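Structure at a glance
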Amino acid sequence: MLKRPNTLKNSEQELRIFRVRALLAVLVVLTLACLLTGRLIYLQIVQHDMYSTRSENNRVRVEPLPPNRGLIYDRNGVLLAENRPTYNLTLVRERVDNLDETLALLVELLELPEEEIEAFNVRSRQRQRPFQPALLTSDLSEDQIARLAVNRHRLPGVEIEAQPLRFYPDAEIMAHALGYVGRINVEEMETLDAGRYAGTHFIGKTGIERFYEEELHGEAGLRKVETNARGRVLRELGRTDPVPGENLTLTLDKSLQMLAYELLDGRRGSIVAIAPATGEILAMVSTPGFDSNQFVTGIDVASYRGLQEDLDLPLFNRATRGHYPPGSTIKPFLALAGLVEGVITPDSTINDPGYYQLPNDSRRYRNWLRWGHGRVDMERSLAVSNNTYYYTLAHDLGIDNLHKQMSNFGFGQRVAHDVQGESGALMPSRDWKRGRFNQPWYPGETLSVGIGQGYWQVTPLQLASATATLANRGHWVKPRLARRIGDTPVPLDLPDTLDDIQLANDNWWNRVFSGMEKVISGTEGTARRTGVGLEYRMGGKSGTAQVFSLGQDQRYNADELAERLRDHALFIAFAPIENPKIAVSVIVENAGGGSTHAAHLARAMTDAWLLEDEAPDVEEVREVLEEDNANVEGN
Amino acid sequence: MPWHYLARSMRGYPVRPPESGIARRKSIWERIHLDPWLLGLLLVLMGSGLIVLYSASGQSIDAVIAQSVRFCIALVVMVIIAQFSPSTFLRFAPLAYGIGVAMLVAVDVFGDVGMGAKRWLVIPGVIRFQPSEMMKLAAPLMVAAYLNRCELPPRLRDILVCGVIIGVPVVLTAIQPDLGTSLLVASAALIVVLLAGLSWRLIGFITALGAAGVPVLWMNMHNYQRQRVLTFLNPESDPLGSGWNIIQSTTAIGSGGLWGKGWLQGTQSQLEFLPERHTDFIIAVLGEEFGLVGMLVLLCLYLLIVSRGVWMASAAQDTFGRLVAGSIILTFFIYVFVNMGMVSGILPVVGVPLPLVSFGGTSSVTLLAGFGILMSIHAHRRLLSR
């Protein structure tokens, strides 16, 4: 306890000191109050607009509403590409407290395999617009969703997002024709319209999916939402609904496509079928195929390497990008070129001693039949695939006319309307050779071109397209894959269609058709065994392409090497002759057994298309093929 | 009034009968030793606080009820304390101070950790107690009690003693660590010394010493404390981290404008962008929903309370009463200024609640206990002392 107050204290002085100090304190209090008031006026009056905007931006978030991608159907309404509901894991980096910890936890919860973790980490750090969700993994399993849901409170900024994911029910068969969608990558993100693709994670990468990306994608919608500080949506302030993408109806026929795939039986090859009158591509197969669904969610490194290193090149679309010497399959087109240029008539003949010699040249260009076919007219030249006739014709035409006429049939250029990544292959000419090799054109090279060898290369699609034009009596209809976009039919006449091919006498078409019919139905036709039991009139032409060399970097064992050095078998066909409904080109790489292998496949295709109730039995075709292999004949 | 007799019996000196026999009738307020003006203003303040709290707590009536209960307890404490005579506080100041220091030591040794600092003393199942709160009153009382013995203005020796009295609890609180409370304890006690007539030379000297001590203080600060200072200097440097609080609170206040967005309509507050919105940052809710007008009305209310308090302090009849009353009321204003300054971004974030508006029991009890002392000093003036 303290002592009693000192009674001698000077109370008056103490009171005076206190009053002065108290007055000063009051002044300080007032000053500070003024300071506060000033600050409040500054914040609430002077800077009010800025803070209002800031508070509004805090609260309102604009969320993109991605549109549903259009579905893809075949010509009969069979679904070829659909959207399956799946669950994606997304992450908004701005809302994540500790990215490393969150990722570690996610890897643990999702039980990601070791090799995927890196890709996962890279994706999470991929450059994004602020507050845009980054896609970490798609197609979460039920288990993964459950584990994430339980740990949700530990994972701020991580959301499970329901998203329809592209699914291809018949992936292997359709892979090349349809193409596939995949994640939007960094380069694509830079070129895409950010508004349209806000919220869209996938884009068409190849094939139809890529060509019709614009139509399939649709228009993104928006919704303005009010969120709290943790980003949780509290209510919707307004929305614009997305416009779903257009559904596509293709010209492809799924059952025909499937038949073509099965006919090729896992060999390397391609079948393309076109309806001549409409240019509709009925089937377009390249084998071997691959499972395009793997590419949608992101293929794992090992599988991708497997596909890349497969010597059969499953990712390579042979139908549109495969370059093959057309061999004898171009003989009907050359005959037509001769007719157009007036170099031959249907009735003009040559005498075939088994070879052809250029004037003042001792070299003999041989027919495949050493002793020759004797007197040969146009129809017989096609039926027996006489080389001498076409050496003569090519020489008489000259490379310039030959190049011009073959270009009219679409060789050396892209022919189709909507085939993504189509190659123009190569139709050689003087100019091309000078540009490519800086060499003049030699007359002997014209002869090679005359039998579809030499520099000439075609794609299966070009071959089918030229055949369809031929079957259509020279009337060009641009080949197309899309029949209807939404409800709008793709018009028959498309821009940049080639000019029709005119013959002096329209009956000459029939003479060429007749020659082609004899290939199958004639007694000496090269594909006469294919014509057995034919129920309609069919025109065709066989071809063999020699394989000269293999890529240097590819290694084959002895058996494989022998197999891969065998000739490619080619066949073109159309039927029925009087009113062609289908034109087909078939290429089977290293079929070896002569052109008849391809001819059987072409027949199976036309049978399937024309005899609707009697679909050909693939097993039967295979048996015939085996018989033939035992009984090899030249082309 | 039993309280009256109890209080009277506790006085250190006998009550003289009224002179000349003219019995002056005491008003009811004088009988219960309360100041009606101050009480009225406090009740208005607490009522306004509850309205803001309802909005700030996310429209939780439970929070309002809990706060009301605390206010009632605090008011009871105030009324009880007002019944004691100032001499009681004078006598018990050293005891309270001693117990306070002992408890602070206890907290530092085996206190309960909360929010990253040891601040609470817990007797399990009985009470959670923050001794530093008690120090806010005990320290100025002790300094005033000491200076009451001395001749004023104080001599250097007395000032050094006061420095020790102040320094011990301030250091003990600061190492909990609770920088905000330790500064408030220090300022409450320093105000006593200032009011007692600390010479201007010494004030200048101490200010210079303090300025020199800033680097030393900086060296001894915890990282989170340094972070707060840095963030205060530039909140935009870490907008999602430690700058978040200040950015969101200034945004809330600024977006309120002149008239505010309306009660319960503040998006910053209601959508939880504002952190600690019902405790330290509650003024931002007021600023957002009631605008500049609401803020100035509240500020005026505080200034009225301070004015009344200062008037009561100057009317006190002895040095002890004056110093204690002056310290209590000026410390009250410091709370207001520090809190509003921090939320509006002119002071660093130090974790000082807004008196009688922020949600929380301990601080309300301490504050109203202080006002109880203030009322006691005012109500126990010797009548007709001249």
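Residues numbered from 1 in each chain as written. Chains lettered and ligands numbered in written order. Predicted model: local features only at pLDDT ≥ 70, side-chain atom pairs only at ≥ 80, totals over all residues.

If you look chain B up in an unreviewed UniProt entry, it shows as Peptidoglycan glycosyltransferase MrdB from Vreelandella glaciei. Annotation of chain B in UniProt includes, under Pathway (unreviewed entry), the sentence "Cell wall biogenesis; peptidoglycan biosynthesis." In its Function (unreviewed entry) section, the UniProt record describing chain B reads: "Peptidoglycan polymerase that is essential for cell wall elongation." (UniProt positions renumbered as here; feature names shortened; annotations may be inferred.)

As annotated in an unreviewed UniProt entry, chain A is Peptidoglycan D,D-transpeptidase MrdA from Vreelandella glaciei. Per UniProt, the comment on chain A under Pathway (unreviewed entry) is "Cell wall biogenesis; peptidoglycan biosynthesis." Reading the Function (unreviewed entry) entry of the UniProt record for chain A gives the comment "Catalyzes cross-linking of the peptidoglycan cell wall."

Describing the overall build of chain A
Summing up its helical and strand segments, chain A has 23 helices and 21 strands in all. Within the span of chain A, comprising 635 residues, buried residues form 43% of the whole. (Helix = DSSP H or I, 4+ residues; strand = E, 2+ residues; numbered from the N terminus. Buried ≥ 20, exposed ≤ 12 C-beta atoms within 10 Å, placed from the backbone.)

Focus on the overall build of chain B
Along chain B, the regular secondary structure elements total 15 helices and three strands. In chain B, once contacts between residues fewer than 6 apart in sequence are set aside, the share between residues at least 24 apart is 71%. (Contact = placed C-beta atoms within 7 Å.)

Details of the nonpolar core
If you look at the biggest cluster of nonpolar residues, it comprises 124 residues, and the most contacted ones within it are Ile 271, Ala 273, Val 584, Ala 598 and Met 605 of chain A. If one sorts the elements of this core by residue count, helix H16 (residues 387–408) of chain A sits on top with nine residues. There are two domains that each give this core at least three residues, and those are domain 1 (62–250) and domain 2 (254–289 + 317–629) of chain A. The contacts of Met 605 of chain A, once residues within four sequence positions are left out, are Leu 259, Ala 260, Ile 271, Ala 273 and Val 584 of chain A. Leu 34, Leu 141, Val 324 and Phe 332 of chain B belong to the second largest nonpolar core, which has 116 residues in total. (Core = buried A, V, L, I, M, F, W, Y, C linked by C-beta atoms within 7 Å. Domains from an automatic or database assignment.)

What about the UniProt feature "active site" (unreviewed entry) in chain A?
Within this structure's numbering, the places UniProt gives as "active site" (unreviewed entry) are Ser 328 of chain A. By secondary structure assignment, the location of Ser 328 of chain A is in the loop between helix H13 (318–321) and helix H14 (331–341).

Looking at the sheet that holds strand S20 (residues 568–575) of chain A
All names here are of chain A. If you trace the five strands from one edge of the open sheet to the other, you get S12-S11-S21-S20-S19, paired in antiparallel fashion. Whereas interior strands pair on both sides, the edge strands pair on one side only; in this sheet they are strand S12 (280–287) and strand S19 (539–545). Neighbour-to-neighbour, the strand axes of this sheet turn through a mean angle of 5°, independent of strand direction. Sitting on the sheet, helix H10 (residues 254–264) is in contact with strand S11 (269–275), S12 and strand S21 (582–588), with an inclination near 30° to S12. (Pairing = 2+ DSSP bridges. Axes fitted to C-alpha atoms, helices over the stretch in contact; angles between N-to-C directions.)

Section: unusual backbone geometry
Between Thr 287 of chain A and Pro 288 of chain A the backbone carries a cis peptide bond, its omega angle lying at -5°. Of note, Pro 288 of chain A is situated in the loop between S12 and helix H11 (293–297). Residue Pro 576 of chain A is reached from Ala 575 of chain A by a cis peptide bond, and omega for that bond is -20°. Among the structural elements, Pro 576 of chain A can be located in the loop between S20 and S21. Located in the positive-phi region is Ala 425 of chain A, a residue other than glycine, with phi close to 50°. In the Ramachandran plot, Leu 264 of chain B falls in the positive-phi region, its phi being about 70° despite a non-glycine side chain.

Looking at the interface of chain B and chain A
Interfaces are often sized by the accessible area lost when the parts come together. In this complex, chain B contributes 46 residues to the contact, which on the side of chain A involves 38 residues. Within the residue set of the side of chain B that touches chain A, elements represented by two or more residues are helix H5 (86–110), helix H6 (131–149), helix H8 (179–195), helix H11 (244–256), helix H12 (267–270), helix H13 (282–314) and helix H14 (319–343) of chain B. For the side of chain B that touches chain A, the element with the most residues is H13 of chain B, which contributes eleven residues. Residues belonging to the side of chain B that touches chain A are distributed by class as follows: 24 nonpolar, 17 polar and five charged. (Nonpolar A, V, L, I, M, F, W, Y, C, P; charged D, E, K, R; others polar.)

Description of the sheet that holds strand S1 (residues 60–65) of chain A
All names here are of chain A. Pairing in this open sheet of three strands is antiparallel, and the strands run S1-S8-S9 from one edge to the other. For this open sheet the edge positions go to S1 and strand S9 (233–240), each flanked by a neighbour on one side alone. The average angle at which neighbouring strand axes cross in this sheet is 30°, direction not considered. When strand S8 (residues 221–227) meets S9, the two strands line up antiparallel, connected through six bridges. Paired with Arg 223 across the two strands is Arg 239, which belongs to S9.

Overview of the pairing of S12 of chain A
All names here are of chain A. By the criterion of burial, S12 is predominantly enclosed, with eight of the eight residues buried. Bridge count for S11 against S12 is seven bridges, and the pairing is antiparallel. Considered in S12, the bridge of Ser 270 is made with Ser 286. If you look at the hairpin formed by S11 and S12, you'll find four residues sitting between the two strands, and Gly 279 has a positive phi there, around 70°.

Points about the confidence of the model for chain A
Averaged over all residues, the pLDDT of chain A is 87; the fraction at 70 or higher stands at 92%. With pLDDT under 50 throughout, residues 1–8 of chain A is counted as low confidence; its partners more than four residues away or in other chains account for nine contacts. (pLDDT = per-residue confidence, 0-100.)

Notes on the packing of helix H4 (residues 61–83) of chain B against helix H15 (residues 362–379) of chain B
All names here are of chain B. Contact geometry of H4 with H15 gives a least axis separation of 7 Å together with a crossing angle of 30°. As judged from the angle between their axes, H4 and H15 are roughly parallel. Between H4 and H15 the crossing geometry is right-handed. Within the contact between the two elements, H4 uses Arg 70, Phe 71, Ile 73, Ala 74, Leu 75, Val 77, Met 78, Val 79, Ile 81 and Ala 82 and H15 uses Ser 364, Val 365, Leu 368, Ala 369, Phe 371, Gly 372, Ile 373, Met 375, Ser 376 and Ala 379. For the contact of H4 with H15, a count of residues per class yields 16 nonpolar, three polar and one charged. (Parallel < 35°, antiparallel > 145°, perpendicular 65-115°, else oblique. Left-handed = near helix turned anticlockwise from the far one by under 90°.)

Comments concerning the confidence of the model for chain B
Residue and element names in this part refer to chain B. The pLDDT averaged across chain B works out to 83; a share of 84% of its residues lies at or above 70. Per-residue pLDDT stays below 50 along residues 1–22; that stretch engages in 20 contacts with residues further than four places along the chain or on separate chains. Here the predicted complex carries an ipTM of 0.87, next to a pTM of 0.68.

Section: the environment of Ile 80 of chain B
Considering the arrangement of structural elements, one finds Ile 80 of chain B in helix H4. In this structure the C-alpha to C-alpha distance between Ile 80 of chain B and Ser 376 of chain B, which are 296 residues apart in sequence, comes to 9.5 Å.

Quick notes on the pairing of S21 of chain A
All names here are of chain A. Most of S21 is tucked away, with seven of its seven residues classed as buried. Neither face of S21 is exposed, since Ile 582, Val 584, Val 586 and Val 588 on one face and Ala 583, Ser 585 and Ile 587 on the opposite face are all buried. Between S20 and the antiparallel strand that follows it, S21, lie six residues.

Overview of helix H19 (residues 460–471) of chain A
Residues and elements named next belong to chain A. The terminal C-alpha atoms of H19 lie 16 Å apart, and with twelve residues this matches the ideal 16 Å at 1.5 Å per residue to within 8%. The buried fraction of H19 is high, at twelve of twelve residues. Of the residues making up H19, those classed as buried are Pro 460, Leu 461, Gln 462, Leu 463, Ala 464, Ser 465, Ala 466, Thr 467, Ala 468, Thr 469, Leu 470 and Ala 471. Close packing links the buried residues of H19 with S11, S12, H13, H14, S20 and S21. (Expected span 1.5 Å × (residues − 1).)

Some remarks on helix H2 (residues 48–59) of chain A
Compared with an ideal rise of 1.5 Å per residue, which puts twelve residues at 16 Å, H2 of chain A spans 16 Å between its outermost C-alpha atoms and is within 8% of the ideal. The set of residues buried in H2 of chain A consists of His 48, Tyr 51, Ser 55, Asn 58 and Arg 59 of chain A. Along H2 of chain A, the residues classed as buried sweep out an arc of 85° about the axis, all on the same side. For H2 of chain A, exposure combined with an orientation more than 90 degrees from the buried face picks out Asp 49, Glu 56 and Asn 57 of chain A. Buried residues along H2 of chain A sit against helix H1 (11–46), S1 and S8 of chain A together with H11 and H12 of chain B. (Arc of directions from axis to C-beta.)

Observations regarding the packing of H10 of chain A against helix H22 (residues 596–610) of chain A
Any two packed helices are characterised by how steeply their axes cross, that is the angle between the axes, and by the distance between the axes. All names here are of chain A. One can describe the packing of H10 onto H22 by two numbers: an axis separation of 10 Å at closest approach and a directional angle of 160°. On the basis of their axis angle, the class for H10 and H22 is roughly antiparallel. Once H10 is placed against H22, the crossing between them reads as right-handed. Facing H10, whose interface residues are Leu 256, Leu 259, Ala 260 and Leu 263, H22 presents Leu 601, Ala 604, Met 605, Ala 608 and Trp 609. Counted by class, the contact of H10 with H22 contains nine nonpolar, no polar and no charged residues.

Some details on the environment of Trp 371 of chain A
Residues and elements named next belong to chain A. Relative to the helices and strands, Trp 371 resides in the loop between strand S15 (364–366) and strand S16 (374–376). Judged by the 10 C-beta atoms lying within 10 Å of it, Trp 371 is exposed. Considered as a pair, Trp 371 and Pro 353 are 18 residues apart in the sequence and their alpha carbons are 6.3 Å apart.

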